[in-house]
Amino acid sequence: QVQLVESGGGLVQAGGSLRLSCVASGRTFSPVYMGWFRQAPGKEREFVVAISRTVGSTSYADSVKGRFIVSRDNAKNTLYLQMNSLKPEDTAVYYCAAGFIYGLAPNSPGTYDYWGQGTQVTVSS
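Residues numbered from 1 in each chain as written. Predicted model: local features only at pLDDT ≥ 70, side-chain atom pairs only at ≥ 80, totals over all residues. Heavy atoms only, no water.

A. Seen up close, the packing of aromatic side chains. Overall, the coordinates contain five aromatic pairs when judged by the stated rule. Between the aromatic rings of F100 and Y114, the centroid separation amounts to 5.8 Å while the plane-to-plane angle is 85°, which identifies the pairing as edge-to-face. Of this pair, F100 sits in the loop between strand 9 (92-99) and strand 10 (114-115) while Y114 sits in strand 10, placing them 14 residues apart in sequence. Ring pairing ties together the aromatic residues F37, F47, Y112 and W115, which thus form one cluster. Across the ring face of Y95, the terminal group of R45 is positioned such that the distance to the ring centre comes to 3.8 Å. Of note, R45 hangs over the ring of W115, and the distance from its end group to the ring centre comes to 4.7 Å. (Phe/Tyr/Trp six-rings, centres within 6.5 Å; stacked < 30°, edge-to-face > 60°. Helix = DSSP H or I, 4+ residues; strand = E, 2+ residues; numbered from the N terminus. Lys NZ or Arg CZ within 6 Å of the ring centre and 35° of its normal.)

Set out below in structure tokens:
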């Protein structure tokens, strides 16, 4: 079993920055992909970014390109999301996820087998 725990959310003014972290624990942790998704009230869960754990290739949603940066520290089993130039529309619960099967679309929630409990990010205007 795998546990993912996010932290780093909070309240920030528009234009500000936050850094989210996701620490993984449990079985030998070697996912194919790790990703960040978000869900705003009344909306479906939305892809934010994914990173390949071995090669390190990344895929970003257009809405966050140029503002968010994903990184990972495999030795610490930790995934990060640096969020800059935050906008009110970035307000959501942010979820970390891990997927273990090759060949699936990294931007699809169905690719991921394990999810964290989420951390709230609120951006005020």
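Past the structure itself, the notes keep going.
B. Spatial organisation of empty space enclosed by the protein. Going through the model one piece at a time under the given rule, you end up with one cavity of 30 Å³ or more. The computed volume of the largest cavity comes to approximately 40 Å³. Taken together, F29, M34, I51, R53, R72, N74, N77, T78 and L79 make up the full set of residues lining the largest cavity. In the lining of the largest cavity, the residues fall into four nonpolar, three polar and two charged. (1 Å grid on protein atoms, 1.4 Å probe; cavity = no way out; pocket = protein on both sides within 12 Å on 5 of 7 lines; lining within 4 Å. Points joined across faces, edges and corners; volume = space filled by probe spheres on them. Nonpolar A, V, L, I, M, F, W, Y, C, P; charged D, E, K, R; others polar.)

C. Main features of the pairing of strand 9. Here strand 9 lies mainly inside the structure; seven of its eight residues are buried. As paired elements, strand 4 (residues 33-39) and strand 9 share seven bridges and run antiparallel to each other. Bridge pairing links W36 to C96 in strand 9. Of the strand pairs in this sheet, strand 9 and strand 11 (residues 119-124) are connected by three bridges, and their pairing is antiparallel. Pairing of Y94 across the sheet is with T119, part of strand 11. Here two bridges tie strand 9 to strand 10, and the two strands are oriented antiparallel to one another. Note on strand 10: the bridge partner recorded for A97 is W115. (Buried < 20%, exposed > 50% of the residue type's maximum accessible area, 1.4 Å probe, protein only. Pairing = 2+ DSSP bridges.)

D. Structural detail: the state of the cysteines. One pass over the full model with this rule turns up one disulfide. Disulfide pairing is shown between C22 and C96; the S-S distance is 2.0 Å. The disulfide joining C22 to C96 has a torsion of about -70° about its S-S bond and is therefore left-handed. Of this pair, C22 sits in strand 3 (residues 18-26) while C96 sits in strand 9, placing them 74 residues apart in sequence. The exposure classification of C22 matches that of C96, with both residues buried. (Disulfide = S-S within 2.5 Å.)

E. Spatial organisation of the nonpolar core. The biggest cluster of nonpolar side chains holds 38 residues, and the ones touching the most others in it are L4, M34, W36, F68, L81, M83 and Y94. Among the secondary structure elements, those contributing two or more residues to this core are strand 1 (2-7), strand 3, strand 4, strand 5 (46-52), strand 7 (68-73), strand 8 (78-83), strand 9 and strand 11. (Core = buried A, V, L, I, M, F, W, Y, C linked by side-chain atoms within 4.5 Å.)

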